[in-house]
Amino acid sequence: MDTARRCPRRHRETGSGPCLMTGSAAAPAPAAPLPHVPRDIRLFWWAGTCDALGSQTSGLVLPLLLLTLGRTPAEVGALAGTSAAATLLLGPLAAVPADRGARKQLMVGSALFSAAAMAGVTVAVAAGPVPLAVLIAAVLVERCATSCYEAAALGTVALVCPPVEHRRVLSRLQAGERGALVLGPALGGLLFHAERWLPFLADALSYAVAAGCVCAMRSPLTPHREQRPLADTVHRGRRALAAEAGAGLALIRREPFLRLALLWISAVNALLVALYYTTVFALQDHGRGAAPLGLVLALAGAAGLAGALVAPRIAGRRSAGRVLVTVSWLMVPPAAALAVARDAWHFGLLFGLLCLLTPAATVALQAQIIQVIPPGLQARTGTVLATVSGAAAAVAPALAGLSADRAGAAATLMGCAALLAVLALHTTCVAPSRTRCAASESV
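Given the structure is predicted, the values throughout are model-derived calculations rather than measurements.

The rules we used
Residues numbered from 1 in each chain as written. Predicted model: local features only at pLDDT ≥ 70, side-chain atom pairs only at ≥ 80, totals over all residues. Heavy atoms only, no water. Helix = DSSP H or I, 4+ residues; strand = E, 2+ residues; numbered from the N terminus. Buried < 20%, exposed > 50% of the residue type's maximum accessible area, 1.4 Å probe, protein only. Contact = heavy atoms within 4.5 Å. Areas by Shrake-Rupley, 256 points an atom, 1.4 Å probe, with all protein chains shown as cover. Axes fitted to C-alpha atoms, helices over the stretch in contact; angles between N-to-C directions. Parallel < 35°, antiparallel > 145°, perpendicular 65-115°, else oblique. Left-handed = near helix turned anticlockwise from the far one by under 90°. Nonpolar A, V, L, I, M, F, W, Y, C, P; charged D, E, K, R; others polar. Phe/Tyr/Trp six-rings, centres within 6.5 Å; stacked < 30°, edge-to-face > 60°. Expected span 1.5 Å × (residues − 1). pLDDT = per-residue confidence, 0-100. Patch = residues over 30% accessible without salt bridge, like charges linked within 9 Å, V, L, I, M, F, W, Y side chains within 5 Å. Salt bridge = Lys/Arg side-chain N within 4 Å of Asp/Glu carboxyl O.

**Regarding the overall build of the chain**
Helix and strand content of the chain: 16 helices and 2 strands. Every one of the 443 residues in the chain was classed for burial, and the buried ones make up 49%. In the chain, the proportion of contacts linking residues at least 24 apart, taken out of those at least 6 apart, comes to 88%. Summed over its atoms, the accessible surface of the chain is roughly 19700 Å², and 68% of this surface lies on carbon and sulfur atoms.

**Some details on the packing of helix H4 (residues 132–153) against helix H7 (residues 198–216)**
For the pair H4 and H7, interaxial distance at closest approach is 13 Å and the crossing angle is 30 degrees. The angle between H4 and H7 falls in the class roughly parallel. In terms of crossing hand, the pair formed by H4 and H7 is left-handed. Residues Glu-142, Thr-146 and Tyr-149 of H4 form the contact with H7, whose own contacting residues are Asp-203, Tyr-207, Ala-210 and Val-214. For the contact of H4 with H7, the per-class residue count stands at 4 nonpolar, 1 polar and 2 charged.

**Some details on the environment of Arg-218**
Considering the arrangement of structural elements, one finds Arg-218 in the loop between H7 and helix H8 (238–245). Apart from residues lying up to four places away in sequence, Arg-218 is in contact with His-36, Arg-39, Asp-40 and Lys-104.

**Regarding the packing of aromatic side chains**
Overall, the coordinates contain 3 aromatic pairs when judged by the stated rule. Ring centres of Trp-45 and Trp-46 lie 5.0 Å apart, and the angle between their planes is 85 degrees; on these two criteria the pair is classed as edge-to-face. For Trp-45, a relative accessible area of 26% translates into the label partly exposed. Under the relative-accessibility criterion, Trp-46 is labelled partly exposed at 48%. With centroids separated by 6.0 Å and ring planes inclined at 50 degrees, the aromatic side chains of Tyr-276 and Phe-351 adopt a geometry described as tilted. Of this pair, Tyr-276 sits in helix H10 (residues 256–285) while Phe-351 is found in helix H14 (residues 344–372), placing the two residues 75 residues apart along the sequence. Accessibility classification places Tyr-276 together with Phe-351 in one group, the buried group. Members of the aromatic cluster, each reached through a chain of ring pairs, are Tyr-276, Tyr-277 and Phe-351.

**Here's the deal with H4**
Its 22 residues give H4 an end-to-end C-alpha distance of 31 Å, which sits within 8% of 32 Å, the value for a rise of 1.5 Å per residue. Turning to H4, its buried residues are Leu-135, Ala-138, Val-139, Glu-142, Ala-145, Thr-146, Ser-147, Cys-148, Tyr-149, Ala-151, Ala-152 and Ala-153.

**Brief notes about the side chain of Thr-279**
If you trace the backbone, Thr-279 turns up in helix H10. Exposure remark for Thr-279: the relative accessible area of 1% places this residue in the buried category. The residues contacting Thr-279, other than those within four sequence positions of it, are Leu-338, Phe-347 and Leu-413.

**Re the packing of helix H2 (residues 37–68) against helix H6 (residues 166–194)**
At their nearest, the axes of H2 and H6 sit 7 Å apart, and the two run at 35 degrees to each other. For the element pair H2 and H6, the recorded crossing hand is right-handed.

**Some remarks on H2**
Given a rise of 1.5 Å per residue, 32 residues ought to cover 46 Å, and the 47 Å separating the end C-alpha atoms of H2 matches this to within 8%. Downstream of H2 by one or two residues, Gly-70 has phi in the positive range, about 90 degrees.

**Observations regarding the confidence of the model for the chain**
In the predicted model, the chain carries a mean pLDDT of 79, and 80% of its residues have values of at least 70. Contacts from residues 1–33, a stretch scored under 50 in pLDDT, to residues over four places away or in other chains number 85 contacts. The low-confidence segment residues 230–235 (pLDDT under 50) makes 6 contacts with residues lying over four places distant or belonging to another chain.

**A few points about the environment of Leu-64**
Residue position: Leu-64 is located in helix H2. A C-alpha to C-alpha distance of 9.2 Å links Leu-64 and Phe-192, two positions 128 residues apart in sequence.

**A look at a nonpolar patch on the surface**
Side chains of Leu-309, Val-310 and Ile-314 sit close together on the surface and give an oily, nonpolar patch of about 240 Å² of accessible area. Counting through the fold element by element, Val-310 comes out in helix H11 (residues 290–317). On the accessibility criterion, Val-310 (36% relative accessible area) is partly exposed.

**Regarding the pattern of salt bridges**
If you walk through the whole model with that rule in mind, you get 5 salt bridges. One salt bridge connects Arg-39 with Asp-40, and the closest N-O pair in it is separated by 3.9 Å. On the basis of relative accessible area, Arg-39 is assigned to the partly exposed category, the value being 28%. What emerges from the salt-bridge pattern is a single network uniting Asp-99, Arg-103 and Arg-380.

**A look at the environment of Met-217**
Here Met-217 is to be found in the loop between H7 and H8. Take Met-217: its relative accessible area is 2%, and that puts it in the buried class. Here the alpha-carbon distance between Met-217 and Arg-39, two residues 178 residues apart in the chain, equals 7.6 Å. If near-sequence neighbours (up to four positions away) are discounted, Met-217 is found in contact with Arg-39, Asp-40, Leu-43, Phe-44, Lys-104, Thr-156 and Val-160.

This is the structure in structure tokens:
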């Protein structure tokens, strides 16, 4: 009864738009004519996959390049931290013009800026010793532009494909990203061994391909006129810009299902990262070298790719709440078994099982999220979800290392399993009612 009373609630986007009622808002419709949808989806898949492959290719070798140039690990870490901070700051701001109709222009322009930055790194590395200031400037430009691209891309699926295709398209996009995660580091290592500048050239070309694919999409990637904020509510000034940038956070605070999604995604991301780093510590304690760690990564990557490919069949036959509860409980046993594993094969298989399970829940959640969020808030709300979950994953290695130092790797792994059990219990209690309410609002 409580769910029935809460579902019809009216939501208002404070300070940046008209009255929004997610219960009466139509589900996001494809912005392009139906014959264009398959072609646009393929182009968007190629853009995202090429972008991810290029980033993984150069991301592995950039720290190696800095170290070979005589830079200290502290300088390498400072550069990585600075670029991550720039990403967190620019994402929410870039989401505002994307939601207001400049999505395609922002994606194409950001990809071209990233391509130019990586091309500059390529020329500098090929010319000889690279000044640190040049690398810092180029990396910051590339990361800032990439954060703008990612923020604008978050609302693309809702505007291109019909709701019945969301789960299939999301799973294909996730499979492309996971495939790039597996192939990118290996490709980067091979290219770096041949010539130091080749990985950065490959990254620059990947951004150029992504810009061309997005530009070739026939859909304008803009919400329908009636789904945009009212023109007379657009004000200038820092306070108005902050209100617009925070509209996604305000929607998450009002919508129970989005709060559940934020908690689940952030917790699972952080715990998986903690389990991975603790697995590394456990392998080191058992006297294992780099080869076993590579085995764990290979098995995990292959399992994640397989899970992304079968996710539509699993998520399409069950409600989002049921998939979420089932996956949450299934993750607990392999996480607990990691505490007693000793061989690299055991670690790889158990961690691979975790990576196999998560895509089904992720796809089910993302498909429901797309239908709950109004079209004019897709980028801003998605940016908040991505930023919070990314921040949770960023602090997980430090916490895992501190726990492993004080309590040991086995105790840390059991602690992560216990937290997954708590999350599963909470999900069991709240997910069915919140997903039913969200589904009724998005129909």
